[in-house]
Amino acid sequence: MDRPIELRPATPDDAAATIALWHDAALVASHNDPAADFAFALAGPSSTVVLATAGATVVGSVMVGHDGHRGWLYYLAVAPTRRRAGLGRDLVAAAERWLAARGVPKVHLMVREDNRAVAGFYERLGYADMPRVLMSKWLHPG
Ligand SMILES: CC(C)(COP(=O)(O)OP(=O)(O)OC[C@H]1O[C@@H](n2cnc3c(N)ncnc32)[C@H](O)[C@@H]1OP(=O)(O)O)[C@@H](O)C(=O)NCCC(=O)NCCS
């Protein structure tokens, strides 16, 4: 029988299992360093990673943080064998509660062009397309 699912903040010891989940969910792009991303999210009070666990197994994650203005979600992932059972919804709700508890009024997220199919999931949760041009710049030499 499946273990009950629990949601909890990640700790540094969860790094390897969480990064393996991100790879399984095809979330790691070649320009990302997932270990650095995980450590940075846990390093300060304005961000965290929420995990879904079944016993000792990490089966879901979402990175959540704010920049002093808006909240942001990253690395939302549910293990392939656990999908379509409400876990993604529960993780997003936990991230939204984390932001609301810190007074953040609005949450944003980015969907890669090659992952547009996931927009249907976010729409089920009340998210809507926000037409903007997103610009970015690396602050260290590539
Ligand atoms: C996106 C993801 C986290 C969804 O997790 P999940 O646990 O399967 O989602 P849920 O079961 O909580 O689904 C919530 C609702 O969205 C719907 N839904 C789930 N995936 C969907 C999809 N790809 N397209 C449309 N609707 C979807 C569900 O049917 C459910 O609908 P309901 O309101 O009728 O109950 C999961 O598919 C995943 O890990 N994908 C790979 C990683 C990824 O793309 N992450 C997002 C990066 S922006």
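So, here's what we can say about the structure. (Residues numbered from 1 in each chain as written. Predicted model: local features only at pLDDT ≥ 70, side-chain atom pairs only at ≥ 80, totals over all residues. Heavy atoms only, no water.)

### Some remarks on the overall build of the chain
On a plain count of helices and strands, the chain comes out with four helices and five strands. Ordered by position from N to C terminus, the α and β elements of the chain give β-α-α-β-β-β-α-β-α. In terms of overall size, the chain behaves like a compact globule, its C-alpha atoms giving a radius of gyration of 15 Å where 142 residues would be expected to give roughly 14 Å. If you line up the chain on its principal axes, its C-alpha atoms span 45 × 35 × 35 Å. For the chain, the accessible area works out to roughly 9400 Å², and carbon and sulfur atoms hold 55% of it. Counting 15 positive and 14 negative side-chain charges, the chain places the averaged centre of each group 5 Å from the other. (Helix = DSSP H or I, 4+ residues; strand = E, 2+ residues; numbered from the N terminus. Rg over C-alpha atoms; globule rule 2.2 N^0.38 Å. Areas by Shrake-Rupley, 256 points an atom, 1.4 Å probe, with all protein chains shown as cover. Lys, Arg positive; Asp, Glu negative; His and termini not counted. Charge placed at Lys NZ, Arg CZ, Asp CG, Glu CD.)

### Structural notes on the pattern of salt bridges
Think of it this way: side chains of opposite charge can pair up when their charged atoms draw near. Inspection of every chain in the model, using the stated rule, returns two salt bridges. Two residues, D14 and R8, come together in a salt bridge whose shortest N-O distance is 2.8 Å. (Salt bridge = Lys/Arg side-chain N within 4 Å of Asp/Glu carboxyl O.)

### A word on a nonpolar patch on the surface
The grouping of Y74, M110 and L134 at the surface amounts to a nonpolar patch, some 310 Å² of accessible area in total. By secondary structure assignment, the location of L134 is in the segment after α4 (119–124). (Patch = residues over 30% accessible without salt bridge, like charges linked within 9 Å, V, L, I, M, F, W, Y side chains within 5 Å.)

### Some thoughts on the pairing of strand β3 (residues 57–66)
Regular strands have side chains that alternate between both faces of the sheet. Along β3, eight of the ten residues are buried, which leaves the element largely enclosed by surrounding structure. In the sheet, strand β2 (residues 47–54) pairs with β3 via eight bridges, with the strands oriented antiparallel. Paired with A52 across the two strands is G60, which belongs to β3. The antiparallel hairpin formed by β2 and β3 contains two residues in its connecting segment, where G55 sits at a positive phi of about 60°. Sheet topology note: the β3/strand β4 (residues 71–78) ladder contains six bridges and is antiparallel. For H66, the partnering residue across the bridge sits in β4 and is G71. (Buried < 20%, exposed > 50% of the residue type's maximum accessible area, 1.4 Å probe, protein only. Pairing = 2+ DSSP bridges.)

### Thoughts on the packing of aromatic side chains
Taken as a whole, this structure holds five aromatic pairs when the rule is applied. On the basis of an interplanar angle of 15° and a centroid distance of 3.6 Å, the ring pair of W22 and Y75 is categorised as stacked. Here W22 is found in helix α1 (residues 15–24), whereas its partner Y75 is found in strand β4, with 53 residues between them in sequence. Overall, the relative accessible area of 0% leaves W22 in the buried class. Residue Y75 is classed as buried on the basis of its relative accessible area of 11%. An aromatic cluster is built from W22, F38 and Y75, whose rings are joined through pairwise contacts. For R102, the ring lying beneath its charged end belongs to W98, and the centroid distance is 3.8 Å. (Phe/Tyr/Trp six-rings, centres within 6.5 Å; stacked < 30°, edge-to-face > 60°. Lys NZ or Arg CZ within 6 Å of the ring centre and 35° of its normal.)

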